[in-house]
Amino acid sequence: MSILSSVILECRDLIGSGRDRKPNALVQVAVIDPREQFLVSHACTEIVEGSRDPLFLTGVTFPPEYPASPETLVKLTVYDVRDKARDNSSFLGSATFSVSDLLRSKDDQLTLNLRSSDGVLAVGTVLVSRVNMGEMEEGDMDHITADVQQAQKCTLVCESSQGTPNDKDNSPLTSAVFKNPVCKVYKFQTVDSKWMLVREQMEECTLSFSIPRQLLHLYIQEDMRRIQELSDLGELSPHWDNLRKEVIARYGQVIAVYQETLAELNKITGPSFKPSCSKAQRYLEFIPINLHTQRMRVTCPRQTDAFYDVITVGAPAAHFQGFKGGGLQRLLSRHEAEKKSFSTAYQCIYYSPEHTAKAQEVLHSVGHLQPLISGLADQLLQAAQQHSMAGLREALKTLAGKTEQFVHALKDELVKSALLALHAAQPGYVTKNQNQTLPGHQGHSHQDHPSPSQRGQQGQSQPQNPGHSPGQPSATDSPMVVCNNVDGGSQTAPIREDGQAPLKNQDSIPCHKEYDEEEWDRVWADVAKSLNCVIAMVDKLQEQEPININQEQPIPKQVLADVITSHNPEGDWREQLCPLLVRLKECVAEVVVRARRAMTFVLLQEAACSIPQGLFLKQRRDVVFSQALAALACGFVMRLYAGMEDKGFLRQLHLVGLVAQFESLLSTYSEEIGMLEDMEVGISDLHRVVFKITQAKTDDPCDLQPLVIGRRDHYTVEVPLPRLAFQTLPHEIKEGKALQVYPVLFNVGINEQQTIADRFGDISLQERINQRNFEILDSYYKSLRDKVPSECLPSFQTQMDLKDLLGTLGQNVVTKKRKNVEILWLAGTICRRLNGIRFTSCKSAKDRTSMSVTLEQCALLRDEHQLNKDYFIRALDCMRREGCRIENVQKNIKCRKYAFNMLQLMAFPKIYRPPEGTYGKVDS
């Protein structure tokens, strides 16, 4: 721990380089380690213009390990800056003190004489005051301003590249995920002339790289499984076999690219963030741009500290792939419209996105449930061997539940129709339509209007599943299917909800006389029948046991006498149950084989219809989602760590979930409209993600890293906590309940490109995004209001009701107003009121994002902590000039300049403009 925390600087009676001229003072701070005997530049204050008694906004905070000893020397050098733009300055004087001098000083304050370069003349004095974080009282800092004119009373800021020694935010738990803190500390005056202590802390997050690495590994595994499943379809007709080979080859190309990218990412060491200047690098395209956390902590006398968090990240977008054709939203919409024509060109079946999603869901369900059912069957046999009726009942209850879940997962006509289509794609298959083809039709038969009897026969051959509701996607919802035989001919069958005549020039579904369409129903039903046999046998065994008043009530009997009587009721329990459980496993395995082949065939059609554009879009979507998920996981972990002791928050977390509000400042013009289209899809895809809290194996940082599991249509992020922290959680969370997150996106462009879009372009994308996401936010609020007491939500000084805030936001999203940044302010306020996770983005999360974050922080100080309105702009300029955000710029581009020019800033809302001297033309 450092023996010196923070110091604040003030000069008095400075003598300028001209007789009557008041200097523009700046102090450079350097550290001299007596053991090393060399000087290291450590920090620099801002420039205070035209004052002989400057009170500097910027002080210095030393990291825990630095300076190392009481003998360490600190050198202060004061300059008179004549031209800020050209860095033209002249030396005024310098002073040196040791750490021990300050530690032994009265009231933790030193007054030093500034000496000229020859060491003879005194050119003024410098006051050095020691300040410790977290030790502020009402009377603190009085000595700093006692002899300073009221006009000079202003913000004090301390800075650090490593955080402060008594920083509660840098606990072992947070340090496992958040790295390289940069800390700035300010003292602001309130409306009642008291002082508040404000600290910014910005950190990198290890999840910037670990989440994309895990996702790439999962992408590769999923695509390799898909290749294996396609190979397991068995022998297909030449047409389908060629399509399969082409799809497998495409998957192989994607896998090779992902493996190469993953190998490159595994080589990377060093910082835990991707700088904005690397946003278009190929091997880094899965990594979020400039992902950082930022926390503002506010301490007021005799009040509980308040925390305000925000995650800053570049807009999730495929920068390496570019935006020539637009972003994901436009590309996917265009591709879906073209897929029907692709299906005809490739002579394959068109399935809607809902059908494709259903096929993926069925594949996952059967793959997940089959081993569970098998394991539970083994547990049942073990309980039977131990003659434990309680164990038998418990195992049976779980087995029945999972088996019923398995049966329900296959309650869809899509499986049945896909089995029929797969059968039609096998070698030697000949349809009735082909047998009736007239000479000259080359194997094609077009039946424009089948007779009512034919339509009735088709309806009988595909009975409606009892579990299928009219609104549920099924194979019959598809506009058409196209099946191909060995000769390459196509037969298409319109399947329409309204029962009207099929579309012109389309054939009916092939009907093969050797294919028993009811076989699937029988195989599927055998699973339930086998389970019933097991239940009946357990009931029978229970009847043989002596009556026990403590025994659980038996479940209703489902006696199948022909099955039970074939076994000796007096024999061993295990012997009687074993053949029934073997039969259940066999039935489940048979269903899994058929369902897996059927659903894989559906996905083959989808992939074949999509070549090559579909796989390209899948890659783009993978890239964007990877960036979005890394940001979301970072925000979730930060919010969870902050709320571990908040019972109301934890209750809200498991009852309803959290809202994740993304604020975007992208314009709806040129390339940025493509970025926004990518971002819209990426944020929307986050609804496929749930979180679970787990107990870490150990408290080692490696065991506290979140883990991603799942597949593209559903991911779970497991967040491990140390044992002691985990034990404090509500029972529901400890039991592994899935925790929901509701992502919402609001966008308002503010730059000069948005000015062009507002006047001459199209802003409908922004309007649609804001309207749609307002509806999601409003729906979340209503659900929260119904399930969670209002006392679970945080309290704020501003008394405006959440319902009123939402009403105002709803009015703003439908109001035609250029650069209506009030939408962003309202959405951010509502998010904080809802205990949500706040994100702010622009192209690089560096320039416009910095303006927004600093504005929000100052607005919170004004609205929640009574920041004196006369100091609002001073505080805003201070944070932008010397705070964490300018350090973020430095980290990204090695230059302390925001990437704006004067012409651009003229188009910005005034409150989003940086102070003079902090911007310029730079490579961002």
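None of these values were measured; they are calculated from a predicted model.

## Description of the overall build of the chain
Tallying secondary structure elements over the chain gives 27 helices and 21 strands in all. The buried share of the chain, reckoned over its 924 residues, is 55%. Sequence separation of 24 or more characterises 75% of the internal contacts of the chain that already satisfy a separation of 6 or more. Entry remark: accessible area of the chain is about 39,700 Å², with carbon and sulfur atoms responsible for 50%.

## Digging into the nonpolar core
One finds Phe 636, Phe 691, Ile 693 and Leu 721 to be the most contacted residues of the largest nonpolar core, which totals 82 residues. If you tally residues by element for this core, the top one is helix 15 (residues 613-642), at 16 residues. Every residue in contact with Phe 636, bar those within four places of it in the chain, is listed here: Leu 653, Leu 658, Phe 691, Ile 693, Val 719, Leu 739, Val 741 and Ile 837. Listed in part, the 68 residues of the second largest apolar core include Met 389, Leu 392, Phe 406 and Val 591.

## Things to note about the packing of aromatic side chains
Counting across every chain of the model gives 13 aromatic pairs. Geometrically, the ring pair formed by Tyr 186 and Phe 188 is stacked, given 5.4 Å between the ring centres and 15° between the ring planes. For Phe 188, a relative accessible area of 1% corresponds to the buried category. On the basis of an interplanar angle of 50° and a centroid distance of 5.3 Å, the ring pair of Tyr 742 and Tyr 780 is categorised as tilted. Placement of the pair is Tyr 742 in strand 20 (residues 739-747) and Tyr 780 in helix 21 (residues 764-787), with a sequence separation of 38 residues. On the basis of relative accessible area, Tyr 780 is assigned to the buried category, the value being 3%. Here a set of aromatic residues connected by ring pairs shows up, and it is made of Tyr 219, Tyr 258 and Phe 286. Across from the ring centre of Phe 649, 4.1 Å away, lies the NZ or CZ of Arg 639, which sits over that ring.

## Let's talk about the pairing of strand 19 (residues 714-721)
With 6 of 8 residues buried, strand 19 is to be regarded as a mostly interior element. Inspection of the sheet shows strand 17 (residues 689-695) paired to strand 19 by 7 bridges, in the parallel sense. Within strand 19, the residue paired with Gln 695 across the bridge is Leu 721. By the bridge criterion, 5 bridges tie strand 18 (residues 707-711) to strand 19 in an arrangement that is antiparallel. Directly across from Gly 710, in strand 19, lies its bridge partner Tyr 715.

## Notes on a nonpolar patch on the surface
There is a patch of nonpolar side chains on the surface, built from Tyr 669, Ile 756 and Phe 760 and spanning about 330 Å² of accessible area. One can find Ile 756 in helix 20 (residues 752-760). By relative accessible area, Ile 756 is classed as partly exposed at 33%.

## Examining unusual backbone geometry
Phi at Gln 866 takes a positive value of approximately 55°, unusual for a residue other than glycine. Checked against the element boundaries, Gln 866 lands in the loop between helix 24 (848-865) and helix 25 (872-882). Despite not being glycine, Lys 894 has its phi angle at roughly 60°, a positive value. Along the chain, the position of Lys 894 falls in the loop between helix 26 (884-893) and helix 27 (902-907). On the basis of relative accessibility, which here comes to 67%, the residue Lys 894 falls in the exposed class.

## Regarding helix 8 (residues 389-409)
End to end, helix 8 covers 30 Å across 21 residues, agreeing with the expected 30 Å (1.5 Å per residue, within 8%). Looking at the buried residues of helix 8, the elements they touch are helix 7 (353-385), helix 12 (519-544) and helix 14 (573-610).

## A word on the side chain of Glu 200
Tracing the sequence through the fold places Glu 200 in strand 11 (residues 195-205). Within the buried core, Glu 200 has no salt-bridge partner, and the shortest N-O distance to an opposite charge, that of Arg 885, equals 6.9 Å. Of note is the side chain of Glu 200, whose polar atom sits 2.4 Å from the side chain of Tyr 186. Among the polar contacts made by the side chain of Glu 200, one reaches the side chain of Gln 857 at a distance of 2.8 Å. The contacts of Glu 200, once residues within four sequence positions are left out, are Val 182, Cys 183, Lys 184, Tyr 186, Gln 294, Arg 295, Gln 857, Met 879, Gly 883 and Cys 884.

## Overview of the packing of helix 22 (residues 802-814) against helix 23 (residues 822-833)
Where helix 22 contacts helix 23, the axes come no closer than 10 Å and their chain directions differ by 155°. On the basis of the axis angle, helix 22 is roughly antiparallel to helix 23. When you trace helix 22 past helix 23, the crossing you get is left-handed. Every residue of helix 23 that contacts helix 22 at Leu 802, Leu 805, Leu 806, Thr 808, Leu 809, Asn 812 and Val 813 is listed here: Glu 822, Ile 823, Leu 826, Ala 827, Thr 829, Ile 830 and Arg 833.

## Here's the deal with the pattern of salt bridges
Within the structure shown, the criterion is met by 42 salt bridges. When the shortest N-O distance is used, the salt bridge between Glu 10 and Arg 12 registers 3.2 Å. Arg 12 shares its class with Glu 10; the two are buried. Residue Arg 712 pairs with Asp 223 through a salt bridge whose shortest N-O separation is 2.9 Å. Of the two residues, Arg 712 sits in the loop between strand 18 and strand 19 while Asp 223 sits in helix 4 (residues 207-231), which places them 489 residues apart along the sequence. With relative accessibility at 12%, the residue Arg 712 sits in the buried group. The class of Asp 223 is buried, set by a relative accessible area of 2%.

## Quick notes on the packing of helix 9 (residues 413-424) against helix 14
Put simply, helix 9 and helix 14 touch, their axes get as near as 8 Å, and they point 75° apart. If you check the angle between helix 9 and helix 14, you find them roughly perpendicular. Residue-level inspection shows Leu 414, Val 415, Ala 418, Leu 419, Ala 421 and Leu 422 of helix 9 in contact with helix 14, the latter providing Arg 594, Ala 595, Arg 597, Ala 598, Met 599, Phe 601 and Val 602. Here the contact of helix 9 with helix 14 is composed, by residue class, of 11 nonpolar, no polar and 2 charged.

## What about the environment of Leu 14?
Tracing the chain through its elements places Leu 14 in the loop between strand 1 (6-12) and strand 2 (25-33). Residue Leu 14 is classed as buried on the basis of its relative accessible area of 1%. Considered as a pair, Leu 14 and Gly 124 are 110 residues apart in the sequence and their alpha carbons are 4.5 Å apart. Leu 14 has contacts with Pro 23, Ala 25, Arg 52, Pro 54, Val 78, Leu 114 and Val 123, leaving out every residue within four places of it along the chain.

## A look at the pairing of strand 11
Counting buried positions over the 11 residues of strand 11 gives 11, a clear majority of the element. Residues Trp 195, Leu 197, Arg 199, Gln 201, Glu 203 and Cys 205 point to one face of strand 11 and Met 196, Val 198, Glu 200, Met 202 and Glu 204 to the other, with burial holding for every one of them. Taken together, the 10 bridges between strand 10 (residues 178-189) and strand 11 define a ladder with antiparallel strand orientation. Bridging across to strand 11, Lys 187 finds its partner in Leu 197. Between strand 10 and strand 11, which follow one another and run antiparallel, lie 5 residues, and Ser 193 among them has a positive phi close to 65°.

## Here's the deal with the side chain of Ser 667
Relative to the elements of secondary structure, Ser 667 occurs in the loop between strand 16 (658-664) and helix 17 (671-685). Here the side chain of Ser 667 touches Gln 753 through a polar contact of 3.4 Å, side chain to side chain. Leave out the neighbours within four places in its chain, and Ser 667 touches Glu 672, Ile 673, Gly 749, Asn 751, Gln 753, Gln 754 and Arg 848.

## Notes on the environment of Glu 285
Within the element layout of this structure, Glu 285 appears in the loop between helix 5 (238-266) and strand 12 (292-299). Using a relative accessible area of 9% as the deciding quantity, one classes Glu 285 as buried. Sequence separation between Glu 285 and Thr 261 is 24 residues; the distance between their C-alpha atoms is 9.0 Å. With sequence-adjacent residues up to four places away left out, Glu 285 is seen in contact with Lys 274, Phe 320, Gln 321, Val 623 and Gln 627.

## A few points about the environment of Thr 849
Residue placement: Thr 849 occurs in helix 24. In this structure Thr 849 touches Thr 312, Leu 665, Thr 840, Ser 841, Cys 842 and Arg 885, once residues within four positions along its chain are discounted.

## Remarks on the confidence of the model for the chain
Here the chain averages 81 in pLDDT, while 80% of its residues score no lower than 70. In this model, residues 138-156 is a region of pLDDT below 50 whose contacts with residues beyond four sequence positions or in other chains number 56 contacts. This stretch, residues 158-167, has a pLDDT under 50; its non-local contacts, to residues over four places away or in other chains, come to 50 contacts.

Criteria and cut-off values
- Residues numbered from 1 in each chain as written.
- Predicted model: local features only at pLDDT ≥ 70, side-chain atom pairs only at ≥ 80, totals over all residues.
- Heavy atoms only, no water.
- Helix = DSSP H or I, 4+ residues; strand = E, 2+ residues; numbered from the N terminus.
- Buried < 20%, exposed > 50% of the residue type's maximum accessible area, 1.4 Å probe, protein only.
- Contact = heavy atoms within 4.5 Å.
- Areas by Shrake-Rupley, 256 points an atom, 1.4 Å probe, with all protein chains shown as cover.
- Core = buried A, V, L, I, M, F, W, Y, C linked by side-chain atoms within 4.5 Å.
- Phe/Tyr/Trp six-rings, centres within 6.5 Å; stacked < 30°, edge-to-face > 60°.
- Lys NZ or Arg CZ within 6 Å of the ring centre and 35° of its normal.
- Pairing = 2+ DSSP bridges.
- Patch = residues over 30% accessible without salt bridge, like charges linked within 9 Å, V, L, I, M, F, W, Y side chains within 5 Å.
- Salt bridge = Lys/Arg side-chain N within 4 Å of Asp/Glu carboxyl O.
- Expected span 1.5 Å × (residues − 1).
- Lys, Arg positive; Asp, Glu negative; His and termini not counted.
- Polar contact = N/O pair within 3.5 Å; in protein donor to acceptor, adjacent residues only side chain to side chain.
- Axes fitted to C-alpha atoms, helices over the stretch in contact; angles between N-to-C directions.
- Parallel < 35°, antiparallel > 145°, perpendicular 65-115°, else oblique.
- Left-handed = near helix turned anticlockwise from the far one by under 90°.
- Nonpolar A, V, L, I, M, F, W, Y, C, P; charged D, E, K, R; others polar.
- pLDDT = per-residue confidence, 0-100.

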